[in-house]
Every structure is written in C-alpha cells, then in structure tokens.
Amino acid sequence: MDATRSPAALLLDFCQGIGTVLLQFCQGTGQFAWFTLQSVSHIFRPPFYWRNLVRQLIEVGYYSLPVVGLTAIFTGMVLVLQSYTGFSRFSAESAIASVVVLSITRELGPVLGGLMVAGRIGAAFAAEIGTMKVTEQIDALRTLSTSPFKYLVAPRLVAGIIMLPCLVLVADIIGVFGGYLVAVYRLDFNPHTYLQNTWSFLQNMDVISGLVKAAVFGFIITLMGCYHGYNSGKGAEGVGVATTNAVVSASILILLTNYFLTGLFFAH
Amino acid sequence: METNQPKIQVQGLTKKFGKKVVLNGIDLDVMPGESLVVIGGSGTGKSVLIKCILGLLNPDAGTVKIDGIDVTHMSARRREKEVMHKFGMLFQGGALFDSMRVWENVSFGLTTLKNIPAAEAKDIAIAKLADVGLKPDVADLFPAELSGGMQKRVALARAIATDPEIIFFDEPTTGLDPIMADVINHLIVECVQKLGATAVTITHDMASVRKIARHVAMLHQGHIIWYGPASQIDHSGNAYVDQFIHGRMEGPIEMAVRRD
C-alpha cells in the first residue's frame, strides 16, 4: 500500500505525526499547568479543611520519620567511612567532620530524604486519589458541593511544603549523629574535636538552603502524587500506572530542581 | 414556583469523546416533582447525560438549565455555591468515601454545606440511616465493612441527607439480588415522595422502571428515540422500546449495532 503513495502524501503523514505529538505535548503541559494553578489557588481560598490538613501533616511528617531517619543515619555513617578511606591517604582526617555535615545539610539530607518520601507519599497519594477517581468518589465530592482541589489536593500540598523541611532538619541531625558514631566508636576520633570540626565550618546558609530545597521537594512530591492520581486512567491498571508515574516523575523532578536550586544558592 | 417552569431543561446537548459522539442533540424537560427514568443499553450515554446535567462533564454543545437558569458554562466556584446544593446523586458503585465512617459519609453534605456541628450531624445521619432501614449501630462502621446492598442504602441516605430538590440515581439496582433491588426501588420511591423532589433515574432494570418511573425516555445512539408516560411503555409502538423492555436478542437495536 505505502509504496504506491505519492511523496506528498508521505510528507503529509510525517507532518501529521509531528503535529499530533506536539499537540499532545501542549495539551499535557496545559493540563498540568492548569492543575497546578488550581491547586495552589485553592490553598489560599477559604473554606479550609483543617482536619484534613492535620491528618496529612501526620501522614507526611510523622509516619515518614522512620524511613527518613534510617536513610539519614546510614548515609551519615557511610559518608564517614568513605571519606575516611579517601582522606586518610593525604592525612586530611580533620576535614571529615566538615565534609559530612556539609554534604548532609546541603545535599544528601534533602535529596535522599525527598526521594524516600517521594516513594512513600507520592505513591500513597496517587493510589488513594486515583482510587477515589476510579470509584467516582471525586465526582461524589463535587456533587456534595466540595471542591476536590480544596478538600483533597490543597491540604496535601501544604502538608508536603511544611513537613519536608521538618523531616530534613531531623535527618540532618540524625545523619550527623550517625557520622559521629562511626567516627568516634569505630575510627577512634576524639569526640570533642569531631564535634568542634562539625560546627566550625557550618554556616546558617548551609542548613537553610537544604530546608528551602526540602520545601520545594515537598511541593513537587505531593503535587505529582495528586496530579497523577487525579488524572488516573480507568480501573486497577490505571491506578497502578498513576502510582508509578507519580513516583518516577517526582524523583526525576527532585534531582532536576536540586541542580538548579544548588546553582541558585551557591553559584556566586 | 411557576408550574410550567421545568426543573431541568436540556436543549441540544451534545457530547463527544474523541470522534465518538455519545450524545447527539438531546432535548429533555423534567418538570418539578416528576420522576423520569432514562433507559437504554449499556454504553448509550445515560451516565454521560446525567454527568452533563450535574456539571461533572462539560458538554460540547447545547445548554442545561436548572430552574430556568443556564448552568452550562457556570464557573466551578459559582456552581458549588449556587447549584450543587439542589442536587443529590446516588452513584452506581455507591462512591462512599472509604476513609470515613458511615455517619460521616451520610452527614458530609450537612457539615460542608450547612455548617452543622459534628454531634448534631451524627444525629441527623442516624435519622437518615433509619429512613433507609439501617440501624444506628451501622453508623460507626466503615463502608468496606458493609454488604453491597447496605452500601447502596448508605449511599442513598447520603444522597437524600441534604434534602435536595433534584435527585439522580445511576443504576440503583445494578449488582443487587432481586429482593434487595426491590427494597432499593421502594426506598427510592418513598424518599422522593417524602422530599417532594424531582428524580432522574438511569437504569436498564425494567423492574426499576415499572416501580419508579412516571415518565420514561429511551436513549439510543445519542438520541432520545422515545419519550412517554410509564404506563404507555408496553404499548409504545416503538420497535426499539419493545425490544429493550422484553430483552430480545433480535430486533432493530441489534441490527444497528451490527451496522457500526
């Protein structure tokens, strides 16, 4: 069939293909932008569902503590081990404490914490909202004069933005403590000197930049979870796909924005 | 209220999904206190019609008027404030919020719409549950702990809890045994009469039609192909309707499907 078609027709097909992809891309971008704007605007417009917010604060913050804490403690521990094997080659052991605290507060705390929470919360939100969509619970909300954006999405976004910095602050402390344990009890550092080295090079900005990153990551994780859940396809398969997409897109966006945020904070 | 003012007025309603035209210029008036049942095969757009009237879907063309007010292009916010409180909806699968207890489900509209405090809302919820024949001890259970028939009843209690003016029933008896289906049909008739509400039901269960309907509209290929009083349904003189109500394999509907 195709062989008999004129070059003009083939060219037209080609253009049509590109056009379709382009249109789908624009539609997707527009849909996402609209969703984001709607969600953010509903954060500031009453009525506010405080009970939902409290529930999500507990869900995002409190229940993520074990995961984030474990991630942080092992990260701190392995950082000390790794930098010790490296730094001892040129007798720079005294720098280990500073390296550990800077890596954790600036990068590893927010990024690893963010990725772990993305796996936990992004997936949970996408599955929950996706199931609500599939079983018409979101339509039911709307027939009961309740905006799903206000009731479901806004409290989750706020919870993410508030709780991620809290989690990362805890992760910073636990991470440094993990490093301290390995340094003092395994590598026989002087505890006093190690702590002094930890503090002496640490600046406010190191911690604050990490917390700002965490807030942005919290927004990304919860937004991705809600967006993919809200636009979930039909049936169990649709919810499954939404869950995967939520976690993958949140993780990639975290790594991407992390680079730009670091550039913004420390490039000069 | 003027008696000749339709409660729901649908004009030229058209809805497409991609290239598939699901509703093709539907005209429909539902008078106050009327009980209309829309019948039609699976996938003929019955649910889409209801969702367009409710504003859950945006039609591609045509208008929907509620009490004479055009709500077709109303903003989501205004619709929430001014229109949605008139509606109650019983969803096909119940669509109960599974993170909430039964009484919280039933009183959801009361607490959000009318700002009734929780303790009082629970009492009202228990009263509404009694209206649909459920005992107070059900109130503290979660929807997942209930049987299908009980879930339907809770969903019915939720739909009528805010005393809506218009109630929609989306296949209320699907998935229930014949006795429970009759119980639900009976409850629907009772609740609608008690509230004096306008009811729109979509179903393909003829027992439902005969019990609930005052008027019947048959939807086929995006058009309303028959509309008339429920008493006339056995003498409609319409081959499509006859085939549908008797559930025959042979007939014009089957042929139409083959032509597609």
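Participant: Lay out the overall build of chain A with the relevant residues and their values.
Facilitator: A count of helical and extended segments in chain A gives 9 helices and 0 strands. The order of helices and strands in chain A, counted from the N terminus, is α-α-α-α-α-α-α-α-α. Relative to its length of 268 residues, chain A is extended, with a C-alpha radius of gyration of 23 Å against a globular reference of 18 Å. Within chain A, the fraction of its 268 residues that count as buried is 46%. Residue pairs at least 24 apart in sequence account for 85% of intrachain contacts in chain A once pairs closer than 6 positions are excluded. A total of about 13700 Å² of accessible surface is found on chain A, and carbon and sulfur atoms cover 72% of it. Each charge class in chain A can be summarised by its mean position, and for the 14 positive and 12 negative side chains these summaries are 8 Å apart.

Participant: Kindly report on the nonpolar core, identifying the contributing residues and their values.
Facilitator: Residues I8, L23, I66 and F168 of chain B are the most contacted members of the largest nonpolar core, which totals 80 residues. Among the elements that make up this core, the one with the highest residue count is helix α6 (residues 148-186) of chain A (13 residues). Discounting chain neighbours no more than four positions away, the residues touching F168 of chain B are I8, I50, I53, L54, F87, G88, M89, L90 and V200 of chain B. Counting residues in hydrophobic clusters, the runner-up holds 46 residues, among them A125, I167, I188 and A213 of chain B.

Participant: I'd like a rundown of helix α5 (residues 118-131) of chain B, residues and numbers included.
Facilitator: Residues and elements named next belong to chain B. Helix length check: α5 (14 residues) gives 20 Å between terminal C-alpha atoms against 20 Å at 1.5 Å per residue, within 8%. Those residues of α5 hidden inside the fold are in contact with α3 (102-106), α4 (108-113) and α6 (148-160). Trailing α5 by a residue or two, G133 shows a phi angle of about 80°, which is positive.

Participant: How would you summarise the confidence of the model for chain A if you had to cite specific residues and measurements?
Facilitator: Taken over all residues, the pLDDT of chain A has a mean of 92, while the share at 70 or more is 99%. Summarising per-element confidence for chain A, the mean pLDDT is lowest in helix α7 (residues 191-200) of chain A (90) and highest in helix α8 (residues 204-230) of chain A (95).

Participant: Outline the sheet that holds strand β4 (residues 61-66) of chain B, listing residues and values.
Facilitator: All names here are of chain B. Taken in spatial order, the 4 strands line up as β2-β1-β4-β5 in an open sheet, and their pairing is antiparallel. Strands at the two margins of the open sheet, each flanked by one partner only, are β2 (20-30) and β5 (69-70). Pairing between strand β1 (residues 8-17) and β4: 5 bridges, direction antiparallel. The residue bridging V10 from the neighbouring strand is V64, located in β4. Taken strand by strand, helix α1 (residues 46-54) contacts β1, β2 and β4, and its axis lies near 120° from that of β1.

Participant: Please give an account of a nonpolar patch on the surface that cites residues and values.
Facilitator: Residues and elements named next belong to chain A. Together, V54, I58, Y62, Y63, L65 and V170 make up a nonpolar patch on the protein surface, roughly 540 Å² of accessible area in all. Among the secondary structure elements, V54 is positioned in helix α2 (residues 50-60). You can call V54 partly exposed: its relative accessible area is 45%.

Participant: How would you sum up the interface of chain A and chain B? Please name residues and give values.
Facilitator: Counting residues at the interface gives 18 residues for chain A and 26 residues for chain B. A buried area of about 1800 Å², summed over both sides, lies between chain A and chain B, and 55% of it is on carbon and sulfur atoms. Counting the surface chain A buries against chain B, the share from its top three residues, T143, L144 and S145 of chain A, is 32%. In this structure, the salt-bridge partner of K51 of chain B is E136 of chain A, at a minimum N-O distance of 2.8 Å.

Participant: Can you tell me about the sheet that holds strand β3 (residues 35-39) of chain B, naming the residues and giving the values?
Facilitator: Residues and elements named next belong to chain B. Here 6 strands make up an open sheet; going across it, the order is β6-β7-β8-β3-β9-β10 and the pairing mixed. The open sheet has two edge strands with one neighbour each: β6 (87-90) and β10 (223-229). Recorded for the sheet is a direction-independent mean angle of 15° between the axes of neighbouring strands. The pairing of β3 with strand β8 (residues 198-203) spans 5 bridges and is parallel. Residue pairing for β8: L36 is matched across the bridge by V200. Sheet strands in contact with α6 are β6 and β7 (166-170), and its direction is about 175° off that of β6. Of the strands in this sheet, β3, β9 (215-220) and β10 are in contact with helix α9 (residues 239-246), which crosses β9 at around 100°.

Criteria and cut-off values
Residues numbered from 1 in each chain as written. Chains lettered and ligands numbered in written order. Predicted model: local features only at pLDDT ≥ 70, side-chain atom pairs only at ≥ 80, totals over all residues. Heavy atoms only, no water. Helix = DSSP H or I, 4+ residues; strand = E, 2+ residues; numbered from the N terminus. Rg over C-alpha atoms; globule rule 2.2 N^0.38 Å. Buried < 20%, exposed > 50% of the residue type's maximum accessible area, 1.4 Å probe, protein only. Contact = heavy atoms within 4.5 Å. Areas by Shrake-Rupley, 256 points an atom, 1.4 Å probe, with all protein chains shown as cover. Lys, Arg positive; Asp, Glu negative; His and termini not counted. Charge placed at Lys NZ, Arg CZ, Asp CG, Glu CD. Core = buried A, V, L, I, M, F, W, Y, C linked by side-chain atoms within 4.5 Å. Expected span 1.5 Å × (residues − 1). pLDDT = per-residue confidence, 0-100. Pairing = 2+ DSSP bridges. Axes fitted to C-alpha atoms, helices over the stretch in contact; angles between N-to-C directions. Patch = residues over 30% accessible without salt bridge, like charges linked within 9 Å, V, L, I, M, F, W, Y side chains within 5 Å. Salt bridge = Lys/Arg side-chain N within 4 Å of Asp/Glu carboxyl O. Buried area = accessible area lost by both parts, 1.4 Å probe.

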